[in-house]
Amino acid sequence: MRLNGEISYRNEEEEKEMCSFLPPPLPKQKLVVGYALTSKKVKSFLQPKLEGLARKKGILFVAIDHTRPLSEQGPFDIVLHKLTGIEWQQILEDYWRKHPEVTVLDPPDAIQHLHNRQSMLEGVADLNLSDCYGKVGVPRQLVITKDPLSIPDAVTKAGLTLPLVAKPLVVDGSAKSHELSLAYDQFSLSKLNPPLVLQEFVNHGGVLFKVYIVGEMIKVMRRFSLPDVNKHEILNNAGVFRVPRVSCAAASADDVDLDPVIAELPPRPLLERLGRDLRRRLGLRLFNIDMIREHGMRDRYYVIDINYFPA
C-alpha cells in the first residue's frame, strides 16, 4: 500500500498534510487504522483536529484493546503502532502472518535497528552518499560496552577528537535513553556510564535539521541545537556536562532571523535520495532523521540520530 503525504504537528494546514499520508478509501468505504500507542503518544499525535480531518476523508482511527487478542479485533486496513517489548512484537508478527493484506507501520524487526545507536547509523555510513548536492555521513564514533576506566585509552586508540558527545547505546523510549553529555577532556571520560556511544562533536552553527519522512514525502524543520565549541572552550573546560536533548529541548528555528549560510535547508534532491535509500535499507516508512551541516562546509552533512514515528 503506497503512502502519500507529509508529517507535521504545528498547525491545521500541516494536520491536513498528515492525513494525506494515508491512501484514500474507495467510495462509501472507510479506511480503518488500528493504533497501538502509549498514552503520551496518543495525546501528542491523535489530536481532535487530526481525527476530524481524517473522518472527512473516510479514515477512521480505532484504538487497539490490549486486553483482547489482536486477531479478534478489526478488521484493520492499517496497524499503526509504537509500543516496545518482546511480547507486543510477537503479537504483531503473529497477526501479520495471518493477515498479510494489512499494512503494518512499521515492521517490528525493522524498528529494532533504531533501538541501538550503533546499528541505527550503520545504514547511513554504508550508503556513502555523495553527489553534486553534498555529502552525507555520520560523525566518527566509538561504542563502549563496559569498564568506564578503559574509555580514555579506547578513545586515544580510536583517534577520536574532543569534545565528545556521550549517548546511551540503547534507545528504549525512556527519558534516560535520550540523555546526552558533553565530555571536554580525556580524564573525565572514565566518569561515564557504559553501555554508550561516544560521538565526535561537530560544530554546526547551533542549528539542527529535523527531516520527517512519511513514505515518499519529506518535510524539513529547523531546530536550535547545541552551540559551537571553540578552541578556547576546549582548553578551559574540563569534565563531563549534561546537555539538553538536542532534538526536542530547543524551540523551532524556522521563523528566526539567522545567518543565511547556517539557516539554508539541505538541498531537496539530496534529502530525497537520502530518504529513498534509507527507506529501502531500514525497511521503514515513518521516521525522522536528525541532521546537521558542518559549520563552514556548505555541502558536508552528518546524520546524528534516527527516530521511528517521532513525536
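Because the structure is a prediction, the values reported are computed rather than measured.

Caption draft 1: Summary view of the overall build of the chain. Looking only at helices and strands, one finds 11 helices and 15 strands in the chain. Burial statistics for the chain: of 311 residues in total, 48% are counted as buried. Once local pairs closer than 6 in sequence are excluded, the contacts in the chain between residues at least 24 apart make up 71%. Total accessible area computed for the chain in this model is approximately 15,700 Å², and 53% of it derives from carbon and sulfur atoms.

Caption draft 2: Summary view of the sheet that holds strand S10 (residues 196-200). Taken together, 5 strands build an open sheet; the order of strands is S7-S10-S8-S9-S13 and the sheet is antiparallel. If you trace the sheet from one side to the other, it starts and ends with strand S7 (141-144) and strand S13 (240-243), each paired once. Across the sheet, the axes of successive neighbouring strands diverge by a mean angle of 25 degrees, strand direction being ignored. Summarising the sheet, strand S8 (residues 164-168) and strand S9 (residues 180-183) pair through 3 bridges and their orientation is antiparallel. Pairing of Ala166 across the sheet is with Ser181, part of S9. The strands that helix H7 (residues 151-158) touches are S7, S8 and S10; relative to S7, the one it contacts most, it runs at about 150 degrees.

Caption draft 3: Structural view of the confidence of the model for the chain. When pLDDT is averaged along the chain, the result is 86; 86% of the residues meet or exceed 70. Every residue in residues 1-11 is under pLDDT 50, and counting partners more than four places away or in other chains gives 46 contacts.

Caption draft 4: Summary view of the layout of surface pockets. Reported here for the second largest pocket is a volume of approximately 380 Å³. For the second largest pocket, the lining is made up of 20 residues, of which Pro168, Lys176, Glu179, Asn193 and Leu196 are closest to its centre. At the level of secondary structure, the elements contributing two or more residues to the lining of the second largest pocket comprise S8, S9 and S13. Examining the composition of the lining of the second largest pocket, we find that 3 residues originate from one element, S8, more than from any other.

Caption draft 5: Just helix H4 (residues 86-98), in detail. Between the first and last C-alpha of H4 there are 19 Å, a value that for 13 residues agrees with the 18 Å anticipated at 1.5 Å per step. Restricting attention to buried positions, one finds in H4 the residues Trp88, Leu92 and Tyr95. Within H4, the buried residues cover an arc of 60 degrees as seen down the axis, which keeps them to one side. More than 90 degrees from the buried face of H4, the exposed residues found are Ile86, Glu87, Arg97 and Lys98. Next to the buried residues of H4 lie strand S1 (31-37), strand S3 (78-82), strand S4 (103-105) and helix H5 (108-112).

Caption draft 6: Inspection of the packing of aromatic side chains at higher detail. All chains considered together, the criterion is met by 4 aromatic pairs. Aromatic side chains Tyr184 and Phe241 sit 5.6 Å apart centroid to centroid with 80 degrees between the ring planes, which places their arrangement in the edge-to-face category. Taken together, the positions of Tyr184 in the loop between S9 and S10 and Phe241 in strand S13 put the pair 57 residues apart, joining distant regions of the chain. On the accessibility criterion, Tyr184 (11% relative accessible area) is buried. Their ring planes at 75 degrees and their centres at 6.0 Å tell us that Tyr308 and Phe309 sit as a pair that is edge-to-face. Here the two residues Tyr308 and Phe309 agree in accessibility, since each one is buried. Members of the aromatic cluster, joined through ring pairs, are Phe45, Phe61, Tyr308 and Phe309.

Caption draft 7: Spatial organisation of the sheet that holds S1. Judged by pairing direction, the sheet is parallel, and its 4 strands sit side by side in the order S2-S1-S3-S4 without closing on themselves. Since the sheet does not close on itself, it has two edges, and those belong to strand S2 (59-63) and S4, each with one partner. Put simply, the sheet's adjacent strands are angled 20 degrees from each other on average, direction ignored. The strands touched by H4 are S1, S3 and S4; relative to S3, the strand with the most contacts, the crossing angle is about 170 degrees.

Caption draft 8: A look at the environment of Gly275. As for its placement among the helices and strands, Gly275 is situated in helix H11 (residues 268-282). On the basis of relative accessible area, Gly275 is assigned to the buried category, the value being 0%. Here the alpha-carbon distance between Gly275 and Val214, two residues 61 residues apart in the chain, equals 9.3 Å. Not counting chain neighbours up to four residues away, the residues in contact with Gly275 comprise Ile213 and Phe287.

Here is what the cut-offs are and how they apply
- Here, residues in each chain are numbered from 1, in the same order as that chain's written sequence.
- Per-residue local features are limited, in this predicted model, to residues with pLDDT of at least 70; the limit for side-chain atom pairs, both in listing and counting, is 80 or more; totals at the level of whole chains, interfaces and linings are taken over all residues.
- The side-chain values count all of the structure's non-hydrogen atoms but skip hydrogen atoms and water molecules.
- Strands are runs of DSSP state E lasting at least 2 residues, helices are runs of H or I lasting at least 4, and numbering of each runs from the N terminus.
- Accessibility here uses a 1.4 Å probe with only protein chains present; expressed as a share of the type maximum, an area under 20% marks a residue as buried, one over 50% as exposed, and anything in between as partly exposed.
- Contact definition: two residues touch when any of their heavy atoms are within 4.5 Å.
- All accessibility values rest on the Shrake-Rupley procedure with a 1.4 Å probe; residue burial counts only the protein chains present in the view.
- Note: two strands are recorded as paired if DSSP finds a minimum of 2 bridges between them.
- Lines fitted to the C-alpha atoms define the axes, with helices restricted to the stretch that makes contact. Angles between their N-to-C directions range from 0 to 180 degrees.
- Values of pLDDT, ranging from 0 to 100, describe the predictor's confidence in every residue of the model.
- Only protein atoms enter the 1 Å grid, on which a cavity is a set of points fitting a 1.4 Å probe that cannot get out and a pocket is an open set with protein on both sides within 12 Å along at least 5 of 7 lines, lining residues being those with an atom within 4 Å of a point.
- Grid points are joined across faces, edges and corners, and a volume is the space filled by probe spheres set on the points.
- Here the expected span of a helix is defined as 1.5 Å times the quantity of residues minus one.
- Arc, as used here, means the arc of the directions from the helix axis to the C-beta atoms.
- By convention, a stacked pair of Phe, Tyr or Trp rings (six-membered ring in the case of Trp) has centres within 6.5 Å and planes under 30 degrees apart, an edge-to-face pair has planes over 60 apart, and any other such pair is tilted.

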